[in-house]
Amino acid sequence: MPASAAPSFSCGFTSIIGPPNAGKSTLLNALLDCKLSIVTHKPQTTRKKITGIYSDDSTQIIFLDTPGIMEPQQKLHEAMLKVTRDTLKDADAIIALLPFSKKNGPFDRAFAEELHRDWLKNSGKPLVAVFNKSDLVNAEQQKEAEAFIRREWNPAAILSISALNGKGLQELVDALRPYLPMHDPLYPEDALSTAPERFFASEIIREKIFLLYGREVPYSAEVVVDEFREQHENDPKRKDLIRCSIIVERDTQKQIIIGHKGQALKKLGQSARQEIEQLLGRPIFLELFVKVRPDWRKKQTLLKSYGY
């Protein structure tokens, strides 16, 4: 993007907030046509702010994907909610994402009321209300839901979309455009995120933990990159070295991560390595170690050292 963009160019920050499993990460990936945020079928997969950069001929939108809003039960949840609140302060506009559902009515009205009262009402930012997973309900239910939010929230715009199917994405960008500052682009048009490669490597490993292990293990695990050494340009055959620690809370969880004769950890490493290599576009040597840090999710000092 040339430095002297047209005066009509708009550029700004948009925060995506909503409950766990609303599809925030799926939406970000769909808007960018690139997998930046990890996605699993389990709630509370996203723990940190993830920045995604959308660019077209007249707009650059820096999307801020955030952890799902839930009732905090430990220090980790409190840190995740702080990330979301801080992100709202940085935003020029807000996407409030509410998922449609086949159960208990087309959407959760009680949560919608709490979200508006506790997070949105006094934000002072333009609000675009977005219902996701529109394929789960019929047109009449969509209209009823939109009418309720329009009446209760009075948002700047309201849409029903399906991030998974790609429905309504351009309409969402068009709805945001008028509420962004008139400003030259902040990043090159081919930039997709401000996060470093080591961050995405750790997120991919954490995603595989969510996909390969059940019950409480994924929620008790954190991934820390201890070393990220790129290959030397004078030795192109040498692989990047990525050395990571998988942090868990109990010895039993460590045993589950490692598995019988190390087979589970080997499967995890192979799956993560393939996707990291695809992301980086070059071969890597991935080393994984499992460490026990009792109750790390409740300890402020450990949370801070892990980037929360």
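Treat the numbers as computed from the prediction; the structure is a model and nothing was measured. (Residues numbered from 1 in each chain as written. Predicted model: local features only at pLDDT ≥ 70, side-chain atom pairs only at ≥ 80, totals over all residues. Heavy atoms only, no water.)

## Quick look at a negative patch on the surface
Part 1 of the argument: Where like charges cluster on the molecular surface, the negative patch consists of Glu71, Asp108, Glu113 and Glu114.
Part 2 of the argument: Among the structural elements, Asp108 can be located in the loop between strand S4 (93–99) and helix H3 (109–120). (Patch = residues over 30% accessible without salt bridge, like charges linked within 9 Å, V, L, I, M, F, W, Y side chains within 5 Å. Areas by Shrake-Rupley, 256 points an atom, 1.4 Å probe, with all protein chains shown as cover. Salt bridge = Lys/Arg side-chain N within 4 Å of Asp/Glu carboxyl O. Lys, Arg positive; Asp, Glu negative; His and termini not counted. Charge placed at Lys NZ, Arg CZ, Asp CG, Glu CD. Helix = DSSP H or I, 4+ residues; strand = E, 2+ residues; numbered from the N terminus.)

## Remarks on unusual backbone geometry
Part 1 of the argument: If you check the backbone angles, Gln44 has positive phi at about 60° while not being a glycine.
Part 2 of the argument: Inspection of the secondary structure assignment puts Gln44 in the loop between helix H1 (24–32) and strand S2 (50–55).
Part 3 of the argument: Given a relative accessible area of 22%, Gln44 falls into the partly exposed group.
Part 4 of the argument: Located in the positive-phi region is Lys133, a residue other than glycine, with phi close to 65°.
Part 5 of the argument: Tracing the sequence through the fold places Lys133 in the loop between strand S5 (127–132) and helix H4 (139–153).
Part 6 of the argument: For Lys133, a relative accessible area of 28% corresponds to the partly exposed category. (Buried < 20%, exposed > 50% of the residue type's maximum accessible area, 1.4 Å probe, protein only.)

## Regarding the domain arrangement of the protein chain
Part 1 of the argument: In terms of domain boundaries, the protein chain breaks down into domain 1 (10–179) and domain 2 (197–306).
Part 2 of the argument: Distance between the C-alpha centres of domain 1 and domain 2: 29 Å.
Part 3 of the argument: Contacts between the two partners involve 17 residues from domain 1, matched on the other side by 22 residues from domain 2.
Part 4 of the argument: Interface of domain 1 and domain 2: buried area, both sides summed, is about 1800 Å²; carbon and sulfur atoms make up 54% of it.
Part 5 of the argument: The tally of links between domain 1 and domain 2 comes to 3 salt bridges.
Part 6 of the argument: A salt bridge links Lys35 to Glu275, with the shortest nitrogen-to-oxygen separation between them at 2.8 Å.
Part 7 of the argument: At the surface where domain 1 touches domain 2, the tally comes to 14 residue pairs in polar contact (both at pLDDT 80 or more).
Part 8 of the argument: Along the lines of polarity and charge, the residues of the side of domain 1 that touches domain 2 split into 6 nonpolar, 5 polar and 6 charged. (Domains from an automatic or database assignment. Contact = heavy atoms within 4.5 Å. Buried area = accessible area lost by both parts, 1.4 Å probe. Polar contact = N/O pair within 3.5 Å; in protein donor to acceptor, adjacent residues only side chain to side chain. Nonpolar A, V, L, I, M, F, W, Y, C, P; charged D, E, K, R; others polar.)

## Observations concerning the confidence of the model for the protein chain
Part 1 of the argument: In this model, the protein chain carries a mean pLDDT of 94, and residues with pLDDT of at least 70 account for 96%.
Part 2 of the argument: Predicted confidence is poor over residues 1–6, with pLDDT under 50, and the contacts of this stretch with residues over four places away or in other chains come to 7 contacts. (pLDDT = per-residue confidence, 0-100.)

## Observations concerning the UniProt feature "domain: Era-type G" (unreviewed entry) in the protein chain
Part 1 of the argument: Under the present numbering, the feature "domain: Era-type G" (unreviewed entry) in UniProt falls on residues 10–182.
Part 2 of the argument: Along residues 10–182 the backbone is 35% helical and 22% strand, and the end-to-end C-alpha distance reaches 4 Å. (UniProt positions renumbered as here; feature names shortened; annotations may be inferred.)

## Points about helix H2 (residues 75–90)
Part 1 of the argument: Counted at 1.5 Å a residue, the expected span for H2 with its 16 residues is 22 Å, and the 23 Å between its end C-alpha atoms agrees.
Part 2 of the argument: Among the residues making up H2, those that are buried are Leu76, His77, Ala79, Met80, Leu81, Thr84, Thr87 and Leu88. (Expected span 1.5 Å × (residues − 1).)

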